[in-house]
2 protein chains.
Amino acid sequence: MCSYKLLPGGTRQVVDVQIPGDFLGLRSVLFRTAGHNIEPISRVQASEVQVRDLLEAFQTAPRLAATLLWAASRDEAMVVEHLVGIGRRDAKQRMAHFLLELGARLKLVRLASNDGYNCQLTQYLLADALGLSAVHVNRVLRELREDGLVTFQQGKVTFGDFDGMVAFSEFDRQYLDHDGPLMTGPGGSPSAVQVLTAMTGP
Amino acid sequence: MCSYKLLPGGTRQVVDVQIPGDFLGLRSVLFRTAGHNIEPISRVQASEVQVRDLLEAFQTAPRLAATLLWAASRDEAMVVEHLVGIGRRDAKQRMAHFLLELGARLKLVRLASNDGYNCQLTQYLLADALGLSAVHVNRVLRELREDGLVTFQQGKVTFGDFDGMVAFSEFDRQYLDHDGPLMTGPGGSPSAVQVLTAMTGP
DNA sequence: CGGATAGTTGACTTGCGTCAATCCGCGTGG
DNA sequence: CCACGCGGATTGACGCAAGTCAACTATCCG
């Protein structure tokens, strides 16, 4: 799925993309932002979680709370990286970086390897995610293909030269691989439940 | 102050700007991102807070935890808005939106009114924040001045036509004014302390 | 078969970057 | 006191990356 914001004028900006296993809507629980929507891309299987139930779950499984907070934190780090990319990378590098990052995330849930992965994103959606026009997305993908770096056709992303991609896009191999440098403590104590309670009322 | 990321190649992207009263470094507590730095802009008065002390403070002042979490959430919302602006607004609108948003935040701590505010940001810094070149920042500021919308000279931002600015930049008056739609519950129960403990170890 | 939706490509336009020159205020040191 | 250097602001000329418009193809589906 993807979450995006619509602007008056009809354009939209995709903020981030959700993949299988992701927890959706963490951001909007605490701070509802206007004009923010989510949309399915491929067939989705999802479970709705009531805040109430989530709080209970935190009681019985304290580490869940910590994990979820960490996920929220990681999501924000990705938004920041996204921001940097749009602000300071050109279209080609931006695309390469995006495809690598998506691959890295899919790899964590065994839906990608260094060879490539399946990906149903349309070029229009890529355009809205990367702040480009659909036409230019197409051109950039062709260039990357001609350079032998990646191929993105028929719903498949195939890396031709993975290391070349990493080098070209200046991708930081670290930033999604680890489990969080501060997650190493003993942990296990309760829990985010009180915080959420304080925010939302019992 | 401002927090930014440096890219190989010498360019940088300013992610957000801190104003008096802001809590700094919430993001990096949980998830350290590479190449992320902060830098003072004007003379800064700051207190360093040890995570340890923060946790204790949460014990005695539970609402502090909730407030801080809300602040973190608001910061993320601003980053998202920033992302949208860079991705889908042209330079002029982006600048107008940025100046309004900064004004709205400063108003909350009584450092701005609808007339304007003091602002020591250089055009180079604006450029790095908005994903533009310094030269173009200058051009855009001149255009906005000639349109009678804002003047930004000698460290002073002066709104010539506040409503015009809001309309032109499609600024959402809501999104920083309220105290958070979900902050309305009774609240007051403890606290973020356990969460942070779980993340960092005791 | 027609009508969506997505991808592809070419021709043209434009917003913004780059380079370069100038100007201004300020501090520093001779 | 003036010369100098420096960081910031300003402006013009020029080039390029990316947007826009438009045509054409491919594929799927009713």
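Cut-off values and rules
Residues numbered from 1 in each chain as written. Chains lettered and ligands numbered in written order. Predicted model: local features only at pLDDT ≥ 70, side-chain atom pairs only at ≥ 80, totals over all residues. Heavy atoms only, no water. Pairing = 2+ DSSP bridges. Helix = DSSP H or I, 4+ residues; strand = E, 2+ residues; numbered from the N terminus. Axes fitted to C-alpha atoms, helices over the stretch in contact; angles between N-to-C directions. Polar contact = N/O pair within 3.5 Å; in protein donor to acceptor, adjacent residues only side chain to side chain. Contact = heavy atoms within 4.5 Å. Disulfide = S-S within 2.5 Å. Buried < 20%, exposed > 50% of the residue type's maximum accessible area, 1.4 Å probe, protein only. Near = heavy atom within 4 Å. Nonpolar A, V, L, I, M, F, W, Y, C, P; charged D, E, K, R; others polar. Parallel < 35°, antiparallel > 145°, perpendicular 65-115°, else oblique. Left-handed = near helix turned anticlockwise from the far one by under 90°. Expected span 1.5 Å × (residues − 1). Phe/Tyr/Trp six-rings, centres within 6.5 Å; stacked < 30°, edge-to-face > 60°. Lys NZ or Arg CZ within 6 Å of the ring centre and 35° of its normal.

## Quick word on the sheet that holds strand β1 (residues 2–6) of chain A
All names here are of chain A.
Reasoning step 1: The strand order across the open sheet formed by three strands is β2-β1-β3, and the pairing between neighbours is antiparallel. At either margin of the open sheet sits one strand with a lone partner, and together these are β2 (12–17) and β3 (36–39). Here the average twist between neighbouring strands, direction ignored, is 30°.
Reasoning step 2: Where β1 lies against β3, four bridges are found, and the strand directions are antiparallel. Of the residues in β3, the one forming a bridge with S3 is I38.

## Side note on the side chain of S3(A)
All names here are of chain A.
Reasoning step 1: One can find S3 in strand β1.
Reasoning step 2: Side chain to side chain, S3 and D16 meet in a polar contact 2.4 Å long.
Reasoning step 3: Once you skip the residues sitting within four places of it in the chain, S3 turns out to touch V14, V15, D16, Q18, R27, N37 and I38.

## So, the state of the cysteines
Residue and element names in this part refer to chain A.
Reasoning step 1: As enumerated under the stated definition, the model contains zero disulfides over all chains in all.
Reasoning step 2: Here C2 stays unpaired: no disulfide links it, and the sulfur of C119, its closest cysteine neighbor, is 12 Å away.
Reasoning step 3: Overall, the relative accessible area of 0% leaves C2 in the buried class.

## What about the protein's contact with DNA strand D?
Reasoning step 1: Among the 16 residues in the neighbourhood of DNA strand D, the closest are listed as A91(A), S133(A), H136(A), Q123(B) and R142(B).
Reasoning step 2: Per the 4 Å cut-off to the protein, sugar and phosphate atoms form 63% of the nearby atoms of DNA strand D.
Reasoning step 3: In the environment of DNA strand D, a phosphate oxygen lies 3.0 Å from a nitrogen or oxygen atom belonging to the side chain of S133(A).
Reasoning step 4: With respect to DNA strand D, the side chain of Q123(B) contributes an N or O atom lying 2.8 Å from a phosphate oxygen.
Reasoning step 5: Of all the secondary-structure elements, those providing two or more residues to the surface near DNA strand D are α6 (134–146) of chain A together with α5 (123–130) and α6 (134–146) of chain B.
Reasoning step 6: In terms of residue count, α6(B) provides more of the surface near DNA strand D than any other element does, four residues in total.
Reasoning step 7: Class assignment of the residues belonging to the surface near DNA strand D gives a composition of five nonpolar, seven polar and four charged.

## Here's the deal with the sheet that holds strand β6 (residues 156–159) of chain B
Residues and elements named next belong to chain B.
Reasoning step 1: Pairing is antiparallel in the open sheet, where three strands are placed in the order β4-β6-β5. In the strand order of this sheet, the two ends are held by β4 (116–118) and β5 (150–153), each with one partner. Strand-to-strand twist in this sheet, taken as the mean axis angle between neighbours without regard to direction, amounts to 5°.
Reasoning step 2: Sheet topology note: the β5/β6 ladder contains four bridges and is antiparallel. Within the sheet, the bridge partner assigned to T151 lies in β6 and is T158.

## Topic: the protein's contact with DNA strand C
Reasoning step 1: By nearness alone, 16 residues border DNA strand C, and Q123(A), R142(A), S133(B), H136(B) and R139(B) come closest of all.
Reasoning step 2: Between DNA strand C and Q123(A), the relevant distance is 2.8 Å, taken from a phosphate oxygen to a side-chain nitrogen or oxygen of the residue.
Reasoning step 3: Within the contact set of DNA strand C, a phosphate oxygen lies 2.9 Å away from a side-chain nitrogen or oxygen of S133(B).
Reasoning step 4: Elements that contribute at least two residues to the surface near DNA strand C include exactly α5 (123–130) and α6 of chain A together with α6 of chain B.
Reasoning step 5: Among the elements that make up the surface near DNA strand C, the one with the highest residue count is α6(A) (four residues).
Reasoning step 6: Residues that form the surface near DNA strand C fall into these classes: five nonpolar, seven polar and four charged.

## A few points about the packing of helix α4 (residues 91–108) of chain A against helix α7 (residues 162–169) of chain A
Residues and elements named next belong to chain A.
Reasoning step 1: Contact pair α4 / α7: the axes reach a minimum separation of 9 Å and the direction vectors enclose 125°. Taken together, α4 and α7 sit at an angle that is classed as oblique. The element α4 and its partner α7 pack so that their crossing is left-handed. Residues K92, Q93, A96, H97, L99, L100 and K107 of α4 touch α7, and the partners they reach there are F162, M165, V166, F168 and S169.
Reasoning step 2: Among the residues forming the contact of α4 with α7, the class breakdown is seven nonpolar, three polar and two charged.

## Description of α4(A)
Residue and element names in this part refer to chain A.
Reasoning step 1: The end-to-end C-alpha distance of α4 is 26 Å, a good match for the 26 Å that 18 residues give at a rise of 1.5 Å each.
Reasoning step 2: For α4, the tally of buried residues reaches 16 of 18 residues, placing the bulk of the element in the interior.
Reasoning step 3: Within two residues after α4, R110 carries a phi angle of roughly 60°, on the positive side.

## Re the packing of α5(A) against α6(A)
Residue and element names in this part refer to chain A.
Reasoning step 1: Where α5 contacts α6, the two axes come as close as 8 Å, and the packing angle between them is 100°. Between α5 and α6, the crossing angle belongs to the class labelled roughly perpendicular. Seen from α5, the contacting residues are Q123, Y124, L126 and A127; seen from α6, they are A134, V137, N138 and L141.
Reasoning step 2: For the contact of α5 with α6, the class distribution of residues is six nonpolar, two polar and no charged.

## Some words on the pairing of strand β2 (residues 12–17) of chain B
Reasoning step 1: Within β2(B), six of the six residues are buried, which leaves it mostly tucked inside the rest of the structure.
Reasoning step 2: Hairpin connection from strand β1 (residues 2–6) of chain B to β2(B): five residues lie between these consecutive antiparallel strands, with G9(B) at a positive phi of about 120°.

## Quick look at the packing of aromatic side chains
Reasoning step 1: Applying the stated criterion across every chain, the model contains four aromatic pairs over all chains.
Reasoning step 2: An angle of 85° between the planes, with centres 5.2 Å apart, marks the rings of F159(B) and F162(B) as edge-to-face. F162(B) shares its class with F159(B); the two are buried.
Reasoning step 3: Of the aromatic side chains, those joined through ring pairs into one cluster are Y117(A), F159(A) and F162(A).
Reasoning step 4: Cation over ring: R12(A) sits above Y4(A), and NZ or CZ is 4.8 Å from the ring centre.

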